[in-house]
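Listed here are the chains, written in short residue letters.
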Amino acid sequence: MDILKCLFCGIVIGIANIIPGVSGGTMIVTFGMYDRLINSLTNIFKDFKRSIMFLIPLIIGMGIGIVGFTYIIEYLLGKHTLPTCMAFIGLILGGLPMLWGKLHEKRTQTRRNFNVADIVCFLFFMALVIVLPLIKGNDNTMSKIEPSVSTAVILYFVGIIVSATMIIPGVSGSMILMIIGYYYGILNGIKLFFDAVKSFSIAEILSQFAVLVPFGVGVIIGIFGVAKLINYLFNTHGVCTYCGIFGLILASPFAIIYQSEAYKNVSAVSISAGTILMIACAAAAYFMSNITAE
């Protein structure tokens, strides 16, 4: 059952990672798996079997979510923007009680109340998530990335930057890609690659492979590096780190609504459908966070 839970959570996290404004890291927190993910990444060689048994189904699920839902999410965000966004907001809200419990547990362990540094950290990261969506990238930038040596190097470093945002709750990797102008290029690259596989176009497969591989390598290397940093922060500044995460997550609904422009063309039907989905997803997230938390 644990494998199936990880697979399901991975699918949701993968979907979240391709929607601008939605944070995959927030979904990981929502499902109560954040500490376990960080521990698995930082202790993969010390506790190899346990780490791999957790990471493999999670990674497979993320792959399914990213690849399988690239076309679906494009349709849902285009045709049913508000209900889709409210569903993800529900997932975020449903995980807040679990996160508050983690923060309370860390305060109990350290035997201290909130201080000025905790409040500043909370407000800073909340403001960060609100400000980032306001920095609009050019929608037409890099609609298709042409492979070259220089492009591969750039994509490698772009992957490292995005990897940090993929596992930091509240910060959207897709939103960062959009800001720096590579979102549509990467998304289009994924679609072109699988279209080429279906049509068995070897030239196009190799072309998109040359684009996606350096980006993917950068993401993988970056994730391990960021995980070690976050693990250090949890161990040395646990309460302050959780306050920062709380700030990131509480501001996420604004980033989701603003970045997706879900506030436009709102109707009574979309609000009603979105509200029902938000409540259902919040309940599902609350349930999942309780059964997946260690």
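Check the entry above for the structure.
This is a predicted model, so every value here is computed, not measured. (Residues numbered from 1 in each chain as written. Predicted model: local features only at pLDDT ≥ 70, side-chain atom pairs only at ≥ 80, totals over all residues. Heavy atoms only, no water.)

Chemist: A description of unusual backbone geometry should follow, citing residues and the corresponding values.
Modeler: A positive phi angle, close to 55°, is found at Phe-200, a residue other than glycine. Position of Phe-200 among the secondary structure elements: in the loop between α11 (183-199) and α12 (202-236). (Helix = DSSP H or I, 4+ residues; strand = E, 2+ residues; numbered from the N terminus.)

Chemist: Can you tell me about the nonpolar core, naming the residues and giving the values?
Modeler: The nonpolar side chains of a soluble globular protein tend to be buried with one another. In terms of nonpolar packing, the biggest core is built from 71 residues, with Met-27, Met-33, Tyr-34, Leu-37, Leu-177 and Phe-215 touching the most fellow members. Non-local contacts of Leu-177, meaning those with residues more than four positions away in its chain, are made with Val-158, Val-162, Tyr-182, Tyr-183, Ile-186 and Phe-215. (Core = buried A, V, L, I, M, F, W, Y, C linked by side-chain atoms within 4.5 Å. Buried < 20%, exposed > 50% of the residue type's maximum accessible area, 1.4 Å probe, protein only. Contact = heavy atoms within 4.5 Å.)

Chemist: Explain a nonpolar patch on the surface to me, and be specific about the residues and the numbers.
Modeler: A cluster of nonpolar side chains, namely Phe-209, Val-213, Val-217 and Ile-221, defines an oily patch on the protein surface of about 320 Å² accessible area. In this structure, Ile-221 sits in helix α12. (Patch = residues over 30% accessible without salt bridge, like charges linked within 9 Å, V, L, I, M, F, W, Y side chains within 5 Å. Areas by Shrake-Rupley, 256 points an atom, 1.4 Å probe, with all protein chains shown as cover. Salt bridge = Lys/Arg side-chain N within 4 Å of Asp/Glu carboxyl O.)

Chemist: How would you sum up the packing of α11 against α12? Please name residues and give values.
Modeler: The interhelical angle for the contact between α11 and α12, taken along N-to-C directions, is 140°, at an axis separation of 9 Å. If you check the angle between α11 and α12, you find them oblique. Read as a crossing pair, α11 and α12 show a hand that is left-handed. Residue-level inspection shows Ile-186, Gly-189, Ile-190, Leu-192, Phe-193, Ala-196 and Val-197 of α11 in contact with α12, the latter providing Glu-204, Ile-205, Gln-208, Phe-209, Leu-212 and Phe-215. (Axes fitted to C-alpha atoms, helices over the stretch in contact; angles between N-to-C directions. Parallel < 35°, antiparallel > 145°, perpendicular 65-115°, else oblique. Left-handed = near helix turned anticlockwise from the far one by under 90°.)

Chemist: Go over the state of the cysteines, please, and point to the residues and values.
Modeler: Inspection of the entire model under this criterion finds zero disulfides. Looking at the unpaired Cys-6, the closest cysteine sulfur is the one in Cys-9, lying at 6.6 Å. The closest cysteine sulfur to the non-disulfide-bonded Cys-121 is located on Cys-240, 3.7 Å from its own sulfur. (Disulfide = S-S within 2.5 Å.)

Chemist: Which residues make up the packing of aromatic side chains, and what are the values?
Modeler: This model, assessed by the stated rule, comprises seven aromatic pairs. The positively charged end of Arg-107 is found above the aromatic ring belonging to Phe-114, 4.3 Å away from the centroid. (Phe/Tyr/Trp six-rings, centres within 6.5 Å; stacked < 30°, edge-to-face > 60°. Lys NZ or Arg CZ within 6 Å of the ring centre and 35° of its normal.)

Chemist: Which residues make up empty space enclosed by the protein, and what values do they have?
Modeler: Under the definition given, this model contains two cavities of 30 Å³ or more. Put simply, the largest cavity is a space of about 60 Å³. As for the largest cavity, its lining consists of Ile-28, Val-29, Gly-32, Met-33, Tyr-34, Asp-35, Met-98, Leu-99, Lys-102, Phe-234, Tyr-242 and Ile-245. Ranked by residues supplied to the lining of the largest cavity, first place goes to helix α7 (residues 96-110) with three residues. (1 Å grid on protein atoms, 1.4 Å probe; cavity = no way out; pocket = protein on both sides within 12 Å on 5 of 7 lines; lining within 4 Å. Points joined across faces, edges and corners; volume = space filled by probe spheres on them.)

Chemist: Can you explain the layout of surface pockets? Please cite residues and give values.
Modeler: Approximately 1,000 Å³ is the volume attributed to the largest pocket. For the largest pocket, the lining is made up of 37 residues, of which Met-62, Ile-66, Met-166, Gly-216 and Val-219 are closest to its centre. Residue assignment for the lining of the largest pocket shows that the elements contributing at least two residues are α1 (2-17), α3 (34-42), α4 (48-68), α9 (149-167), α10 (173-180), α11 and α12. A breakdown of the residues in the lining of the largest pocket according to their chemical character gives 32 nonpolar, five polar and no charged. (Nonpolar A, V, L, I, M, F, W, Y, C, P; charged D, E, K, R; others polar.)

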